[in-house]
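The primary structure of each chain is shown beneath.
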Amino acid sequence: MESRCPEIQKEEIDDILKDFEGKQFEIIPALQAIQAKYGYVPPVFVKPLAEALRLFPSQVQGVMTFYAQFSMTPRGRNIVRVCRGTACHVRGGRSVLRTANRVLGLGDGETSEDLNFTLETVACLGACALSPVMTINRTYFGLMNPKKAETVLKTI
Ligand code: FES
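Residue numbers restart at each chain and count upward from 1, following the sequence in its written direction. Residue-level local features of this predicted model are given only where pLDDT is at least 70; pairs of side-chain atoms are given and counted only at 80 or more, and the full residue set underlies all totals for whole chains, interfaces and linings. Hydrogens and waters are ignored; side-chain quantities use all the structure's heavy atoms.

## Some remarks on the overall build of the protein chain
The helix count covers DSSP runs of H or I at least four residues long, the strand count covers runs of E at least two residues long, and both are numbered beginning at the N terminus. When helices and strands are counted, the protein chain shows seven helices and four strands. Written out in order from the N terminus, the α and β elements of the protein chain read α-α-α-α-β-α-α-β-β-β-α. Counting every position in the protein chain, which comprises 156 residues, the buried fraction comes to 39%. The contact rule is simple, with two residues in contact once any of their heavy atoms fall within 4.5 Å. Considering only contacts within the protein chain whose residues lie at least 6 apart along the sequence, 64% involve residues at least 24 apart. Remark: exposure states derive from per-residue accessible area (1.4 Å probe, protein chains only) relative to the maximum for the residue type, with buried under 20%, exposed over 50%, and partly exposed in between.

See the structure below:
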């Protein structure tokens, strides 16, 4: 994938990290602050964040990869999630996913070049009674089929 990491000036990094200097236990809030500003955690932050928190860069990387909420690559303004859980699978979830792949032109985990969409699959969206389920940002769409999925995705 092409790198779309923006040029981030040292002053910008220092400005975010100044509130976390020496606060090892605030690694999660620090990562959340970075992600809130950029929509993801640019890799250029790993080393200075580790230095600010008095940690090793590998420790910062470890936390980032452990928590699914953090991304090191740019994500779309609209996050489309299609459930691949058992309940959704047996009721046609795969065809909903194929529709999302086709309409958005994205595979699982991919983000569009214009940063409008990220497509993800998840193990369960917690709404199995409405399977197959898809979400767009925080809105749930249940009892999906390919036609309904296409209609919803084209209205975003
Ligand atoms: S398996 Fe799809 S919502 Fe639970």
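On we go from here.
## Side note on the side chain of Gln-35
Relative to the assigned elements, Gln-35 resides in helix α2 (residues 27-38). Judged by its relative accessible area of 14%, Gln-35 is buried. A polar contact is formed between the side chain of Gln-35 and the backbone oxygen of Gln-69, at a distance of 2.5 Å. Within 3.5 Å is the distance limit for a polar contact, defined as a pair of N or O atoms, with the added protein rule that one can donate a hydrogen and the other accept it, and that residues adjacent in sequence qualify only through two side-chain atoms. Within the structure, the side chain of Gln-35 is placed 3.0 Å from the backbone nitrogen of Ser-71, a separation counted as a polar contact. Those residues in contact with Gln-35 that sit more than four places away from it in its chain are Tyr-40, Val-41, Gln-69, Phe-70 and Ser-71.

## Focus: the packing of aromatic side chains
Here a pair means two rings of Phe, Tyr or Trp (six-membered ring of Trp) with centres within 6.5 Å. Their orientation is stacked below 30 degrees between planes, edge-to-face above 60, and tilted elsewhere. Going through the model one piece at a time under the given rule, you end up with three aromatic pairs. Seen in terms of ring centroids, Tyr-38 and Phe-45 are 5.6 Å apart; in terms of plane orientation they differ by 50°. Their pairing is tilted. Assessed through its relative accessible area of 1%, Phe-45 is described here as buried. Judged by centre distance (5.0 Å) and plane angle (85°), the rings of Phe-66 and Tyr-67 are edge-to-face. Judged by its relative accessible area of 64%, Phe-66 falls in the exposed class. Note on Tyr-67: relative accessible area 35%, which makes it partly exposed.

## A closer look at the pairing of strand β2 (residues 117-122)
Burial within β2 is extensive, with five of its six residues counted as buried. Note on pairing: DSSP must find at least two bridges between two strands before they are called paired. Relative to β2, strand β1 (residues 78-83) runs parallel, the two being bridged by six bridges. Pairing of Ile-79 across the sheet is with Thr-118, part of β2.

## Remarks on the domain arrangement of the protein chain
Reported domain spans reflect what an automatic or database domain assignment gives. Its domain assignment divides the protein chain into domain 1 (10-66) and domain 2 (78-154). Distance between the C-alpha centres of domain 1 and domain 2: 31 Å.

## Structural notes on the side chain of Thr-99
By the element assignment, Thr-99 lies in helix α6 (residues 93-104). Classification of Thr-99 by relative accessible area gives buried; the value is 4%. Contacts of Thr-99, omitting those with residues within four sequence positions, involve Pro-146, Ala-149 and Glu-150.

## Describing helix α1 (residues 10-17)
For α1, every residue scored as buried is listed here: Ile-13, Ile-16 and Leu-17. Viewed along the axis of α1, the buried residues span an arc of 90°, placing them on a single side of the element. Among the structural elements, α2 and α3 (46-53) are those in contact with the buried residues of α1. The arc in question is the one traced by the directions running from the helix axis out to the C-beta atoms.

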